[in-house]
Amino acid sequence: MSKIAKKIVVIGGLLIAGFLIWYLFLKPYDYLVTFKVNTTAGTINQSLKQWNLGLEGSNTVQQENLNSLIQKININDTVYLYNWRISSVNDSVSKVKVYVSTKENSFQNKVSILFFNTDFEKVTRKTITDFMDRLNAHLKEIKVSVVGESTTPSTYCAYVSIKDLQRNKAKGMMRNYSFLSSILANEGIKINGTPFIEVTNWNIENDSIAYNFCFPIIKSDSLPEHKNLKYKQYNGVKAIKAIYNGNYITSDRAWYALLEEAKQQEMEIHKTPVEFFYNNPNYGGNELSWKAEIFMPVKLK
C-alpha cells in the first residue's frame, strides 16, 4: 500500500472514529424529526400547548421563548424529551425541528437506530404525526389575512377589566357579554357599534393577558353604575390590521401573524392587540364565517 493510500485510510479511520464519538457520546439528542407547515411560529406554539393538555402522561410545556419549547411525555414508563425549535421560512411558512431523546436509553437508542426500526422511533413518529394532524385540522378551521396599515376606530364605551390566561380570553368575553348587554339595555343605553377587546398587557412568556372587554355606547349624562362597570373614551390608534375568520377562542392566531408582519416590515409595535368582533358566538353557525378585525398598534416615531 502506498503512503498516499495509507494516509487516506488513516484520515478515513479518524473521521469515522470522530463521528462515532460525537454520535454516541456527544450528540445531545437521539432522533430528529423535521417538517414545514403553512402557519406562524406563534400558532404552532399555542397549538402545541393546547394539544399537550390532552396527552396522557404529559407535563407542562416549558417555554424558553416563542420559538423554543421543551415537552416531556411519559410513555410506557419512559420519559420522552421533545425539544421543539421553530424558525420562519417566510411570512407564512415555518420550519419545525423536534429533537427527541430519553435519559434512560439514550445510548441504546442511538445504536439501535443505526440497524433497526426501533419502538423508540415508532413511538416518536406516531406522537409527532398526531400533533401534525391536530395542527393541520386546526388550520382548516381558521383563516388569517393580513391587510396592512390601518387605524382603529374611536368610540365611547362601557367596559369590564379582565385578567386571565390567553386561551381563556373568549370565556371571559362570554362570561361578561350578558352582564354588559343586560345592564345597559335595562337602563336604555344605546349600543353604538360592535363589541371589542383592548389588551392592556400581554405576557408572551406565560401566555397571560389583561384586557378590557368593551361595548361601544352613546355617551349620556345618566349612565348605570356598577362596581365592575367602567366607562371611557377609546381613541383610535395607528396599527397594522388583519382579518380573522374562525372561532374567537383562537383569534389570537392573528396576533402572531401581525407580529410576523411587523418583523418582516421592520415596524416597531406595541404588543397590545385590539379585536373588534362582528358575530355573536351564542348564535352558533359556521365558525369560518365569524369575522373579527384584529389590530396591533404601531409605535409612533
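For the structure itself, consult the block above.
Note that this is a predicted model, so its numbers are computed, not measured.

What counts, and at which threshold
Residues numbered from 1 in each chain as written. Predicted model: local features only at pLDDT ≥ 70, side-chain atom pairs only at ≥ 80, totals over all residues. Heavy atoms only, no water. Core = buried A, V, L, I, M, F, W, Y, C linked by side-chain atoms within 4.5 Å. Buried < 20%, exposed > 50% of the residue type's maximum accessible area, 1.4 Å probe, protein only. Helix = DSSP H or I, 4+ residues; strand = E, 2+ residues; numbered from the N terminus. Contact = heavy atoms within 4.5 Å. Phe/Tyr/Trp six-rings, centres within 6.5 Å; stacked < 30°, edge-to-face > 60°. Lys NZ or Arg CZ within 6 Å of the ring centre and 35° of its normal.

Draft legend 1. Examining the nonpolar core more closely. In this structure, Trp202, Tyr211, Phe213, Ile240 and Met296 are the most contacted members of the largest nonpolar core, which totals 40 residues. Among the secondary structure elements, those contributing two or more residues to this core are strand E7 (155-165), helix H5 (169-186), strand E8 (196-203), strand E9 (208-216), strand E11 (238-245), helix H6 (253-265) and strand E13 (291-297). It is H6 that provides the largest number of residues to this core, a total of 6 residues. Those residues in contact with Phe213 that lie beyond four places of it in its chain are Ala158, Tyr159, Val160, Ile162, Met173, Asn176, Tyr177, Leu180, Pro195, Phe196 and Ile197. Ranked by size, the runner-up nonpolar core spans 24 residues in total, among them Phe35, Leu48, Trp51 and Trp84.

Draft legend 2. Local environment of the packing of aromatic side chains. Counted by the stated rule, this structure contains 14 aromatic pairs. Ring geometry for Trp84 and Phe131: centres 5.2 Å apart, planes at 75°, overall edge-to-face. Residue Trp84 is found in strand E4 (residues 78-88), and its partner Phe131 is found in helix H4 (residues 119-139); the two are separated by 47 residues along the sequence. Grouping aromatic residues by their ring pairs yields a cluster made of Tyr31, Tyr80, Tyr82 and Phe120. Over the ring of Tyr278 we find Lys291, and its NZ or CZ is 5.0 Å from the ring centre.

In short, the description is geometric, and any link to function would need to be established separately.
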